[in-house]
Amino acid sequence: DAGITQSPRYKITETGRQVTLMCHQTWSHSYMFWYRQDLGHGLRLIYYSAAADITDKGEVPDGYVVSRSKTENFPLTLESATRSQTSVYFCASSEGASFSNEQFFGPGTRLTVL
Amino acid sequence: AQTVTQSQPEMSVQEAETVTLSCTYDTSESDYYLFWYKQPPSRQMILVIRQEAYKQQNATENRFSVNFQKAAKSFSLKISDSQLGDAAMYFCAFQYSGGGADGLTFGKGTHLIIQP
């Protein structure tokens, strides 16, 4: 199906485990983003990517790693999960970084770290 | 760095009435974009309306309109003829327009309740 998808939609893991959240878009958008949503904080930018092999930190990057070997995929890895990383994670993509390039959001992944 | 403040954690309105959601922001930049996103219980983020800072004319999209006051750094959303389907979390967001891959900076959201 066309669009932006995230997997898994729900994930429960334990402290210290490595977790990878997947994001895939079919539009060949250049820009991709990862946000986390916590109660009382709205959405906060974790990492973003302007193109394949180009990534940069956002507001809250600590504890996360990203890669982008292909334009359509932008996985987010928690190398050693902590309880504070319990959150809803949203991936987004846009054709560019200007006003006319709307960011399209995936459905989100709810991650619980026990 | 910019900040976005939504001072109303929750708002309630009767169906068919008009409601205004407030948003203020702080930035030293002159060129930027402002957005309102809707998040229903499904969690999907839906763009409602957007505004370019250099445009003085307020954006409108059907029942949704904004009051953009650049000097006051205010960007409120007015929903006319409220409908039950408008019930959701609403987020105000800022994006720097200076190029690069800047993400969105969001406010904490306003929970809008529509009373039938």
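Source: prediction; values computed, not measured.

Thresholds, definitions, all that
Residues numbered from 1 in each chain as written. Chains lettered and ligands numbered in written order. Predicted model: local features only at pLDDT ≥ 70, side-chain atom pairs only at ≥ 80, totals over all residues. Heavy atoms only, no water. Core = buried A, V, L, I, M, F, W, Y, C linked by side-chain atoms within 4.5 Å. Buried < 20%, exposed > 50% of the residue type's maximum accessible area, 1.4 Å probe, protein only. Helix = DSSP H or I, 4+ residues; strand = E, 2+ residues; numbered from the N terminus. Contact = heavy atoms within 4.5 Å. Pairing = 2+ DSSP bridges.

Caption draft 1: Broad picture of the nonpolar core. Residues and elements named next belong to chain B. Membership of the largest hydrophobic core comes to 25 residues, with the highest contact counts inside it found for Y25, W36, F75, L77, Y90 and L112. Looking at this core, the elements that each hand over two or more residues are β3 (19-21), β5 (32-39), β6 (46-52), β8 (64-69), β9 (74-79), β10 (88-96) and β12 (110-115). Beyond its immediate sequence surroundings of up to four residues, L77 is in contact with V19, T20, L21, W36, I49, F64, S65, V66 and Y90.

Caption draft 2: Representation of the pairing of strand β5 (residues 42-51) of chain A. All names here are of chain A. Within β5, 8 of the 10 residues are buried, which leaves it mostly tucked inside the rest of the structure. Judged from the 7 bridges that link them, strand β4 (residues 31-38) and β5 form a sheet pairing that is antiparallel. Within the sheet, the bridge partner assigned to D38 lies in β5 and is G42. The loop that links β4 with its antiparallel partner β5 comprises 3 residues; one of these, G40, has a positive phi angle of about 85 degrees. By the bridge criterion, 4 bridges tie β5 to strand β6 (residues 54-57) in an arrangement that is antiparallel. Looking at the pairing, S49 lines up with T55 of β6. Hairpin remark: β5 followed by β6, antiparallel, with 2 residues in the connecting loop; positive phi at D53, about 70 degrees.

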